[in-house]
Structures are given as structure tokens and as C-alpha cells.
Amino acid sequence: MQEPHGRISIWFFIGILLFAYGILITGVGVYEIFVPPVHKVVLQSLHANAWWGILLLVMGAFYSFRYAPGRHK
Amino acid sequence: MQPIPSLLLLEAATRRLISLTPVDIAIIALYFAMVLGIGFYLKRYTKTGEDFFLAGREMTMWVAGLSFVAANLGSLELMGWAAAAYQYGILAAHWYWIGAIPAMLFLGLVMMPFYYISKTHSVPGYLKLRFGEPARALSAISFGLMTLLMSGINMYSMALVMKVVLGWDIHFSIWVSSLTVAVYVVLGGLLSAIFNEVLQFFLIWLGALLISIIGLVEAGGWSGVVANIHRRFPGQDFTHMWSGLGHFSSNPMGIHWTGIVFGLGCIISFGYWTTDFLVVQRILAAKDLRAAKMGPIIGAGFKMMVPFIVILPGLLGLALLPEHLVGEAQAVATGAHSYNEVLPLMLARYCGPGLLGLGITALIAGFMSGMAGNVSAFATVWTYDIYRALIKKRASDEHYVSMGRWSTILGVLASVGTAYMVMQFLSIMDYVQALFSFFIAPLFGTVILGMMWKRCTPWAGFWGLLSGTVSSIGMWAWVKLDPSALRYIALSSDAKDMAENMYRALWSWIICVVITVAVTMVTRPKPDEELVGLVYGCTEIPTEKHLALYQRPIFWAGIVAAVLVALNVIFW
């Protein structure tokens, strides 16, 4: 998808932010698997932050790569 | 703006519901850095009036559609309707389904061609082309004023939410969020607002969706939610959308099905989704007519799913939270949690560090997308429909862009001023919310008659709009002064506030239409050649027969409509 005037696509910005969020949230999630928190949330055993973080990471990587500046020139 | 339950009554409690960790703070800080970065980046692409006010008319159908629905998806919407779902049950989903989807599809299929082909820059601009300057002036001034006031009320409410949920200082929340919005909208205009709205749309979904997923796991699926609610609230119906609407007193909302179908479904939602410039402006930025028609249809598809992240958490709260939430007054008296806190309570229940930051970012993003929508729409209406029309008719394009930037700043400051005014005089909020609703229904009557009936005359448009608005104000004042008048306005003395709003909208629309038709009969219409591009019967709509079936807007609108019917049957 070519953006007008060589502008960076909005999807790239979304990808970068989700990728960064994915790193942070996955990092916390993995850490909590090995060092369980003192104050546990309900269904802590699901490790939601680990797999939700991975989802963000994958989405972010896809959008960042697919809509990277210059990729369609 | 559609009516939002009384989240605004949220008391500034001394306790905080959630504590953030450094990871959560980093997530919020990254969000602010990104939206400001987008604003600075897009400044170079915002040079002309078309760029600043209409994003260069280059948006794809997906960007226009997501922005269209995100501009409406504010944080008050998230928290307010989650609270309404706890209080009224699944009835609250009517505001997302019959109260939105038919109107959005109608906008895309029927009205958008006229807005788009006429090349208008705003809804008041369309009224100028169709009915002349008086109708435009009435619409523009009322829209500009109401937009700023509503923006200020939302700002204050958001700051109050942040104080209750996180313990943040109200002044800090107001100034940081409003200045951030001001910076990125001043720099990049509508383009920047739309880019950020699409980003915010993703964050809202990704921040809120997890609550519903984990909640369903905990409850054992939808059947578990229903069983838990029935067990915990015996004799009350929170899980049916239509079966309890046979009488005003047989459902928790105090509303009759005629109010939902005719007041909400036919008038209020059509008024909001087809004539409120805040949302229509996003679609006017579409790159071609097909994108402009598909934008609202794509938006409708996503809007239909919003109850999954807004209504379902409220129902999950009913099913799973150990304590029963209460009304705000009782919460203050007893120290219990109120309905309005259901979304942050569910967030804190399931989300640990990181996810909590994402959830709070979703709330902040929701607020900022709504505010950016308000100020960018205000800047356009002020610059084109008030300043250029009434104050300085001939100036360069650069001058109007500059005025757009200044009016954005002044608009934000006026919103901040309103927020502080509301802080001092809380009752103002009720009046302003009511005031906003006065214009919506009559405006829909005026626009739809103008688009569909070529005989309709310029003076009929003006007098119809004015009489519909004045009658709406009159009905509201009548009930305020004499509460027993409710049985005439809302057809029952059992009717509650929302029901009264529905029926008042219906009557004011009917009055607008009757006056418009009557004045048309005694005044002279415009010649057909002046109505080309504005009215059905005088405008050639480009055919879509050369497109494959799956590329046609009508095909996707049909699918969305079928899913809407199915959802209503499933949750009947």
C-alpha cells in the first residue's frame, strides 16, 4: 500500500508502538513465571501478560515490517 | 454525542483503585511520545487548507472507517457504558446495535454520496449549499459552542476518573492531556488527529479486550455469566435485550420498546451518526466516493463488536465481583464501590504489571481521540463556517490554515476553561448535556429532507431547524418545571431520564419535519440546476455495477445488517 507523498504509513507507527509494548509486557510476563508476584491477580496461572505480550510483539513485528518506510518504493 | 450514563457523578474518592509499576508508567510515557512524534512528523504534510481541515482527502476506507468509530470511542464511553451494563444489564448494548448500526449503514449508502459529491468541508457547509446562510449560521454556531462545552466536560470527567483510579492530580491530568492533544492537532491538523485516532483505536481494543477474555474463562463462558447473574440477582433480568421491553416498569432502564426503536434507533442515532460533524468529518477525508461509502460500513462492523469490550465487562462484574456495586450516593455514604468503578475494578482483577499500563493507556487514548475529534471539528467549523462566512470572507488559504491552528489552541483553552467551570458548578454538566441533545434530532430532520426532497426550500430548512430545536428546549424546560409533564412527553410517568430523551428527540424531529413541509408549501424552491450534487433526483450517483460483488458497499452493508439481526435474536 503506497502512501501519498512518500509519507510513512500509519500502520508502521502502530507496529512500532505495539512491538515496544510487546517487549515490555512479555518481559514482565516471563519474569513473573519465574518470580511469582506477591500480589497475584485472579487467574494468575494463565500468565496473561506473557501471552498477550507475545501477541503484541507478533502484531507489532508484522506491521513494522510490512509497512516499513521505503519498502514499497 | 450519544447520552452517557451518569459517570460524571463519580465522586473524587480518597482511595485509589490501582497502583502502577515503572513498566506501566513506561507504557504510558511511550504512548505520549508516539502521539507527539506523529504530530511533529505530519506537520510537513499539512500546508494547505485541504490538508489541515480535510487531511488532503487521501484517507483509505480502513483509515477513515477506524477513525470514524474511534472519534466516538472515548474513555467516558468505555467506563460509562460498562457502568450502565452493570446497572441495566445487556439493555445498554442497544446503544451500540440498533442505536448505531442502521444509522451508520444509512450514512454510508444513502447520505455519504451527497456529502462527498458536494465537496463540502462540513455539515454546516452542506446546509449553506442546500439551504443558504441562515441555516448554516444556526447550525455552525450551535455546533461550535456545544463541541467546546462537551469537550470540557469530558476533560473534567477524565481527570476525575484518573484521580479516582490512579490518584492523579486533577490539574495534572487536565493540562497534560489537553496540551498533548493541542500540540499534535495544531501541528498536523485533521491528518494528525486521524492518524492518532487509528493508533488509539488499536490501543483501546488491545487494552480492554483481555478483561472480557479472562472474564469469560473465569465465568465458564457466556452460559456461566448468565447462570451467575441469575443466581446472584434472582428475579431481575439483566441478560435479555428485548423480552423485558413490553412495559416501562418491566425492565431496569424504565423504557418501552417504542422508545428504543423510534426514539433511539430512528431519530437519536440517525441524528448523531449522520449529521454530527465530529464523526462525519473523518469520512469526508476519504480519498474517493467508494472509500467514503465503505468507511461508515467498516466503522459499523467494528462498532457492533464494541459491546464485547464495554458491555461484557459490566456483565462480568455482575457475575463475578465478590461485592455488589451500588449507586454513587450510596457508595459515598457506605464506602462501597460504585457502578462507575466496574471497569477499573475488572482491570485490576485480571491485569498485572504491564497489562495494567496498557489498560490505563487505553482509557487515556480513548479520551484523547474524543478530544482531538472535538477540537479538529471545531477548528474546521469555526474557520470555514463562522470566521470565513461571517467575519472575513476573502483571505488567502494560508490565512485560513493559520486561523485553523489558532482556533485549535483557543478551542483547547476554552475546553480547559469549561472543565474548571464544571469543577466549580457541577450541575452545569446536566444542562450542557441536555443542551447538546437539543440540536441533534432537528438537524437530522433538516438534512434528510434537504437531501431527499428537492422541493424543500431554503427558508423551510431554516425554520424547521429552528422550530425543532426550540420545541426540544421547550419540552425539556416543561418537564423540569413540572415533572408531571413526563406523562405527556414520554407517554408514561414511569419513564426515566433516558426514556424522556428518546421521546423528546422523536417529538422535536416530528415538529421539525412538519414545519419544514409546511413552510415549503408556501415558499419558493431552488431551481433544479442549483441542487445538482446536493439532492436526490438532481444528482448523478456514480454506478458500482462494474465492481465485483465483494467490492460493493451494499454487499458489506448487507452482511453487517445480517449480523446485527442475528445478534438481536440471539440475545432477545
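The residue numbers shown here count from 1 along each chain, following its written sequence. Lettering of chains starts at A and numbering of ligands starts at 1, both following the order in which they are written. At least 70 in pLDDT is required for a residue's local features to be given in this predicted model, at least 80 for side-chain atom pairs to be given and counted, and no such filter applies to totals for whole chains, interfaces and linings, which use all residues.

**Q** Help me out: how do you make sense of the overall build of chain B in this one?
**A** Segments assigned H or I by DSSP are reported as helices when at least four residues long, segments assigned E as strands when at least two residues long, and all are numbered from the N terminus. The secondary structure content of chain B amounts to 22 helices and zero strands. Here the globule rule reads 2.2 Å times residues to the power 0.38, and the radius of gyration is calculated from C-alpha atoms. For chain B, whose C-alpha radius of gyration is 23 Å, the value lies close to the compact-globule estimate of 25 Å for 572 residues. By its C-alpha atoms, chain B is 65 × 55 × 55 Å across when sized along the principal axes. Whether a residue is buried, exposed or partly exposed is read from the other C-beta atoms within 10 Å of its own C-beta, which are placed from the backbone; 20 or more gives buried, 12 or fewer gives exposed, and intermediate counts give partly exposed. In chain B, which comprises 572 residues, the share counted as buried stands at 60%. We call two residues in contact if the C-beta atoms placed from their backbones are at most 7 Å apart. A sequence separation of at least 24 residues applies to 84% of the contacts in chain B between residues at least 6 apart.

**Q** When you look at the overall build of chain A in this model, what are you seeing that I'm missing?
**A** Along chain A, the regular secondary structure elements total two helices and zero strands. When its C-alpha atoms are laid out on the principal axes, chain A stretches across 50 × 20 × 15 Å. Counting the 73 residues in chain A, one finds 34% classified as buried. By sequence separation, contacts in chain A at least 24 residues apart represent 79% of the contacts at least 6 residues apart.

**Q** Please clarify how helix H5 (residues 101-117) of chain B should be interpreted in this entry.
**A** Every α-helical turn comprises 3.6 residues, leaving residues that sit three or four positions apart pointing alike. All names here are of chain B. In a regular helix each residue adds 1.5 Å, so 17 residues correspond to 24 Å; H5 covers 23 Å between its end C-alpha atoms and thus fits that length. At Met 111, H5 shows its maximal bend, which comes to roughly 60°, and the proline Pro 113 appears one to four places after that position. Counting buried positions along H5 gives 13 out of 17 residues, so the element sits mostly inside the fold. Once H5 finishes, Lys 119 follows within two positions and takes phi at roughly 60°, a positive value. Every helix has an expected span of 1.5 Å times one less than the residues it contains. Two axes enter the definition of the bend at a residue: one is fitted to the seven residues ending there, the other to the seven starting there, and the bend is the angle between them.

**Q** Would you explain helix H8 (residues 170-219) of chain B in this entry?
**A** Residue and element names in this part refer to chain B. Given a rise of 1.5 Å per residue, 50 residues ought to cover 74 Å, yet the end C-alpha atoms of H8 are separated by just 36 Å, more than 12% below that figure. Along H8, the helix axis deviates most sharply at Gly 189, where the bend reaches about 125°. Summarising burial for H8: 36 of the 50 residues are buried, a large majority. A positive backbone phi angle near 85° is found at Gly 220, which sits one or two residues after H8.

**Q** What exactly am I supposed to notice about the packing of helix H7 (residues 133-166) of chain B against H8(B) here?
**A** In a packed pair of helices, the relevant descriptors are the angle between the two axes and the axis-to-axis distance. Residue and element names in this part refer to chain B. In contact at an axis separation of 8 Å, H7 and H8 are set at 125° when each is read in the N-to-C sense. Here H8 runs oblique to H7, going by the angle between their axes. Regarding H7 and H8, the two cross each other, and that crossing is right-handed. Between H7, through Met 155, Met 158, Ala 159, Leu 160, Met 162 and Lys 163, and H8, the contact on the second element is made entirely by Ile 170, Ser 173, Ile 174, Ser 177 and Ser 178. Simply put, an axis is a line fit to the C-alpha atoms, just over the touching stretch for a helix, and the angle between two N-to-C directions goes from 0 to 180 degrees. What sets the label is the angle itself: under 35 degrees gives roughly parallel, over 145 gives roughly antiparallel, 65 to 115 gives roughly perpendicular, and the rest give oblique. Helix crossings get a hand from a simple test, with the near helix turned counterclockwise from the far one by less than a right angle marking a left-handed crossing and a clockwise turn marking a right-handed one.

**Q** Would you mind going over the packing of H7(B) against helix H16 (residues 355-391) of chain B with me for this structure?
**A** Residue and element names in this part refer to chain B. The interhelical angle for the contact between H7 and H16, taken along N-to-C directions, is 160°, at an axis separation of 9 Å. As summarised for this structure, H7 and H16 are arranged roughly antiparallel, according to the angle between their axes. The interaxial crossing formed by H7 with H16 has left-handed handedness.

**Q** Is there a simple way to explain the nonpolar core in this structure?
**A** Looking at soluble globular proteins, one finds that nonpolar side chains tend to be buried together. Remark: nonpolar core denotes a set of buried Ala, Val, Leu, Ile, Met, Phe, Trp, Tyr and Cys residues whose joining runs through C-beta atoms within 7 Å. One finds Ala82(B), Ala85(B), Ala92(B), Ile194(B) and Leu315(B) to be the most contacted residues of the largest nonpolar core, which totals 224 residues. Tallying contributions element by element places H8(B) first for this core, with 23 residues.

**Q** Which parts of the structure should I look at to understand the interface of chain B and chain A?
**A** A common way to express how large an interface is: the accessible area buried when the components associate. Taken together, the contacts link 27 residues of chain B with 24 residues of chain A. Top element by residues in the side of chain B that touches chain A is H8(B). It accounts for nine residues. Class assignment of the residues belonging to the side of chain B that touches chain A gives a composition of 21 nonpolar, three polar and three charged. Residue polarity is assigned by list, with Asp, Glu, Lys and Arg as charged and Ala, Val, Leu, Ile, Met, Phe, Trp, Tyr, Cys and Pro as nonpolar; anything else, Gly included, falls into the polar class.

**Q** Just to check I follow, could you spell out unusual backbone geometry for this structure?
**A** Residue and element names in this part refer to chain B. Notably, Arg 57 is not glycine yet its phi reads approximately 45°, a positive angle. With respect to the element layout, Arg 57 can be found in the loop between helix H2 (49-54) and helix H3 (61-70). Classification of Arg 57 by C-beta neighbours within 10 Å gives partly exposed; the count is 19. Positive phi is not limited to glycine here, since Lys 119 has a value of about 60°. Examined against the element boundaries, Lys 119 turns out to sit in the loop between H5 and helix H6 (123-131).

**Q** What is the right way to read the confidence of the model for chain B from this model?
**A** Any segment with low pLDDT has predicted coordinates that should not be analysed in fine detail. Residues and elements named next belong to chain B. The quantity called pLDDT is the predictor's confidence in a given residue, expressed from 0 to 100. Considering every residue of chain B, the mean pLDDT works out to 87; 94% of them sit at 70 or more. When pLDDT is averaged over each element of chain B, helix H22 (residues 553-570) comes out on top at 95 and helix H14 (residues 328-334) at the bottom at 76. When the criterion is pLDDT under 50, residues 1-9 qualifies, and its contacts beyond four places in sequence or with other chains add up to 24 contacts. In the predicted complex, the global pTM is 0.87; the interface-specific ipTM is 0.93.

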